[in-house]
Amino acid sequence: MGSIIGTMGCSSSVADRKSENVIRAAILIQKWYRFTMARLEMRRRYSLSIFQSIEYADEQDQLQLSNFFTFMLDHCTHPDSVSQIFTSPSAPQVVDEDLCLKEFEKKIDVPDSYYGPRLSFPLTVEDANALLHAFRNEQLLHARYVLQLLSETRRVLKEMPNITHLSTSYSKEITVCGDLHGNLDDLLLIFYKNGLPSEQNRYVFNGDFVDRGKNSMEILIILFAFLLIYPNDLHLNRGNHEDYIMNLRYGFTKEVSKKYKDHWKQILCLLRDVFSWLPLATIIDSKVLILHGGISDTTDLDFLNALERNKLKSLMRPPKSVKERQDQTEKRIPTTKPSKHIANQHVAGKTQHNSSSGFPEPSGSNLPPDPALKEWKQILDILWSDPRSQNGCTPNKSRGGGCYFGPDVTAKLFERYNLKMLIRSHEFKPEGYEISHDGKVITIFSASNYYEEGSNRGAYIKLNPELIPRFVQYQVSKFTRRKNLRERVGTIESSALKSLREKIYAHKSELTSAFAQYDVNGTGRISVNDWAAAMESVLQLELPWRMLRSQLAQMNPDGEVDFMSCFYDLKMGQPTKEAQPALAETLCRYRKDLEIIFNIIDKDHSGLISLEEFSQTWRLFTSHLGIDVQDDSIDKLVLSIDYNKDGHIDFSEFLEAFHVVHRLEKKATS
C-alpha cells in the first residue's frame, strides 16, 4: 500500500513539474510575442511619421513657391501652354456658360468604335451603374460625356449655398467620407459595404477627391454623376486639393492630359470652374460642422456663408488686390539679396513673415484691412488647418498654410454657433480616423494604403439622428493578404526610408556643413546626439533621429557616427560631368517644382524646352529662391544635354538625370 502511495506522489510531482515548464514556456512565448509585436509597431509608427513629415514638407514647399508659380502663370501666356488654359481670356470660351449639352454633341463626335458608357441627360441610376461597371473594367468615359457632365455639375453647384444644411430626419443615417485622393478602389469598397447614394442613403464627401492616386478623374465622374441624380442626398465639400495649381504638382493635371489627349485643356478649364463652385462646408442638424481642414481663432461661419466662393480659383494665387498691397509694401522695403539657405523666409527681395494662417505675408505694412484678403484667409484656414492638443491658434509650420487650432479655439467656435461636433479630414490617420479635443473633433480619412500597400486603413462615419458617430474601417487588399505582418511592416519601412534617404541626399551640402560644425577635429565622426541635432537643424522633419540612426548612418566601436555614411548608398541618376555638385543637388531638390514650371512654359505639350526658355526660367527660379548658382554652369550643363544640338532639350530626360538612385537597389536589379 505504501509503495502505491509513493508511486502516486512521484507521478504527481512529475506532472507538476511538467505543468510548471509549460507555464514558463507559455510566459516566455508571450513575452517574446509582445516584444516582437512592440518592435513591429514601433517600426510601423516611425515609418508613417517619415511619410507624413515628408508630405507636409512638400506641401510647405508648394505654398512657399506659390508666388513664383503665380508669376509664371501671369507672364507665360503662350497660345498652347498649360498656363494659357488658366490665364487667357479666350480659352474659357471653349467651355463658355452658353454652351449647352447639345453644343458639345455637335462639336465632339463619339466614334462607333467607342464601347464605353453613352450618357444622356438628365442622368439616371442606370447611367451611374454603367459608369461604375466601366471604371471597374478600366474603361474611360468619352470626352464629350465628361464635358457634358462637368457642365451640368457646374450648373447644379452654382445653385448651392456656401454652407449646406442637412437634417437627419429625412434619413436614418448620413455617411461622411474623408480624403480619397484618386483611390478608386476605396470609393468602390465604400459603396459595396455601405450602399450606393440614394434618397434613403445620404452621403457627404469631405474634399480631396483628386491628386496622388491614379483614378482621380473616375472618382470625380462618379461623384458628380450621383450629385446630378441625387442633388439633395449627395453633398460635396471642397478640399485643399480641389485647386488647379495644387493639381499641377500632385498629379491630377498630368492624369487628365494623358487620359484625354485631345480635350484635356477644355476639361481642365471647366474643372477649375467646377472646383471653385464646390461648397465650403456642411452642417447637420445645426450641430455638426463638416469641413475639410479645420478652423482658426478668426473663423467666421456667417462671413464664409456670404462670400463669393467661386472668385478663389486657387488658394495658391492670392487675390490681385492682395498682390497689389504686397507691391505697395515692397516699395517701402529696400531690396536685399537673400542668403543661400533662407529662401523660405526671403522671396525676391521681400522680407516675409507668417500670418496666423501660416501663409507668407509682406511685413512692415500698415495698409487698411482688405475684404479680398479676409476672404482668402478665411477659406485658407478651413481648407488647410489641423487640430492640436495644446490651446491656442498658431501658424501651421508643418504644412506652411492654415493653422494649428487647440481645444479652446474649438470650444469658442462651438459656443458662438451652438455646435456639438466638428468633422474634418485633410490628415492621414493609420486607423482611418482619430478623435481629439475631448471628443469634439473627429478626423476621418478614407484613402487606405495611402503611403504604401498596407500602410493604413480607411474609414467613414455613420451619423444617426442622435448624432452619435459610428466608425466603419476597411482596407483594400490586393496584395496585403499574401504577406504576414512582418513582411507588411518591412515593405512600409523600406519605402519610407527610401524617401527619407532621397531627402537627405538632396540636402547633402547643407548636412555636410552642419556635421562639420560638430566635427571640430575633422575626424569625420561625431556623437549620436550631435548627428541627430544636425539632421533636424537642416531637414526640420521632427523625426526620432536617434532611433533612425542605425538605418541611416554607420557607427564606429567608440559609439561615434560616421556622418558621411549617410550618403554612401546614394548617388545621382546619371553622372553628368558638367553638373557641379552644388548645381546637381539643387536640381535634385527642386525636381518637382521644375516639372511644374516647365509644364507651364511647354508651348505644345511636347516635353521639349528651348535652351533660351530653360536658361531664362532657371535664372528667375534661382533668383526667387535666393540660390547662388553661376549662370555659366547651368549653360554648360544644358548644352551638354542637348544631344542632337537642335536648341531644345527633352525635359523628362533632363529631370531623370537628377533623381536619386539607391546603389544597393541598382545592384539587385542589374
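No experiment lies behind these values; they were computed from the predicted model shown.

Side note on the sheet that holds strand 19 (residues 554–555)
Working step 1: Sheet architecture is open: three strands sit in the order 18-20-19, paired in antiparallel fashion. Each end of this open sheet is capped by a strand with a single partner; those strands are strand 18 (525–526) and strand 19.
Working step 2: Sheet topology places strand 18 next to strand 20 (residues 561–562); two bridges connect them, and they run antiparallel. Counterpart to isoleucine 526 in the pairing with strand 20 is valine 561.

Some remarks on the pattern of salt bridges
It is possible for side chains bearing opposite charge to pair when their charged atoms get close.
Working step 1: Applying the stated criterion across every chain yields a total of 25 salt bridges.
Working step 2: Here arginine 43 ties to glutamate 493 by a salt bridge, and the two come within 2.7 Å at their closest N and O atoms. Residue arginine 43 is located in helix 1 (residues 2–64), and its partner glutamate 493 is located in helix 16 (residues 485–505); the two are separated by 450 residues in the primary sequence. Each member of the pair, arginine 43 as well as glutamate 493, is classed as buried.
Working step 3: One salt-bridge network, in which partners are shared between bridges, spans Glu55, Glu59, Arg212, Asp386, Arg388, Arg399, Arg424, Glu427, Lys429 and Glu434.

Thoughts on the packing of aromatic side chains
Working step 1: This structure, assessed with the given rule, holds 16 aromatic pairs.
Working step 2: Here the aromatic rings of phenylalanine 51 and tyrosine 451 are separated by 4.8 Å at their centres, their planes lie at 10°, and the arrangement is stacked. Pair noted here: phenylalanine 51 is in helix 1 and tyrosine 451 is in the loop between strand 15 (441–444) and strand 16 (458–463), with a separation of 400 residues, a long-range link.
Working step 3: Assessed through its relative accessible area of 7%, phenylalanine 51 is described here as buried.
Working step 4: On the basis of relative accessibility, which here comes to 15%, the residue tyrosine 451 falls in the buried class.
Working step 5: For the pair tyrosine 460 and tyrosine 474, a centre-to-centre distance of 6.0 Å together with 35° between the ring planes defines the contact as tilted. Residue tyrosine 460 is located in strand 16, and its partner tyrosine 474 is located in strand 17 (residues 469–474); the two are separated by 14 residues in the primary sequence.
Working step 6: When its relative accessible area of 2% is taken as the criterion, tyrosine 460 is described as buried.
Working step 7: Here tyrosine 474 falls in the buried class, since its relative accessible area comes to 6%.
Working step 8: By the ring-pair criterion, three or more aromatic residues cluster together here, those being Phe51, Phe428, Phe445, Tyr450 and Tyr451.
Working step 9: The ring of tyrosine 244 has arginine 272 sitting right over it, with the charged end atom 5.9 Å from the ring centre.
Working step 10: Taking the ring centre of phenylalanine 303 as reference, the NZ or CZ of lysine 374 above it sits at 4.3 Å.

Focus: the UniProt feature "domain: EF-hand" (unreviewed entry) in the protein
Working step 1: Within this structure's numbering, the places UniProt gives as "domain: EF-hand" (unreviewed entry) are residues 506–541, 589–624 and 629–664.
Working step 2: Counting secondary structure, residues 506–541 comes out at 64% helix and 6% strand; the distance between its end C-alpha atoms is 14 Å.

Conventions used here
Residue numbers restart at each chain and count upward from 1, following the sequence in its written direction. Reporting of local features is limited, given that this is a predicted model, to residues whose pLDDT is at least 70; pairs of side-chain atoms are given and counted only at 80 or more, and all residues count toward the totals for whole chains, interfaces and linings. As a rule here, side-chain values come from all non-hydrogen atoms in the structure, and water together with hydrogens is ignored. The pairing criterion is simple: DSSP has to find at least two bridges between the two strands. Counting from the N terminus, the helices are DSSP H or I runs at least four residues long and the strands are E runs at least two residues long. We count a salt bridge whenever a side-chain nitrogen from Lys or Arg sits within 4 Å of a carboxyl oxygen from Asp or Glu. Only protein chains enter the calculation, and the probe is 1.4 Å; a residue is then buried if its accessible area is under 20% of its type maximum, exposed if over 50%, and partly exposed in between. Here a pair means two rings of Phe, Tyr or Trp (six-membered ring of Trp) with centres within 6.5 Å. Their orientation is stacked below 30 degrees between planes, edge-to-face above 60, and tilted elsewhere. Here, a charge over a ring is recorded when the distance from Lys NZ or Arg CZ to the ring centre is within 6 Å and its angle to the ring normal is within 35 degrees. UniProt positions are given in the numbering used here, feature names are shortened, and annotations may be inferred rather than shown by experiment.

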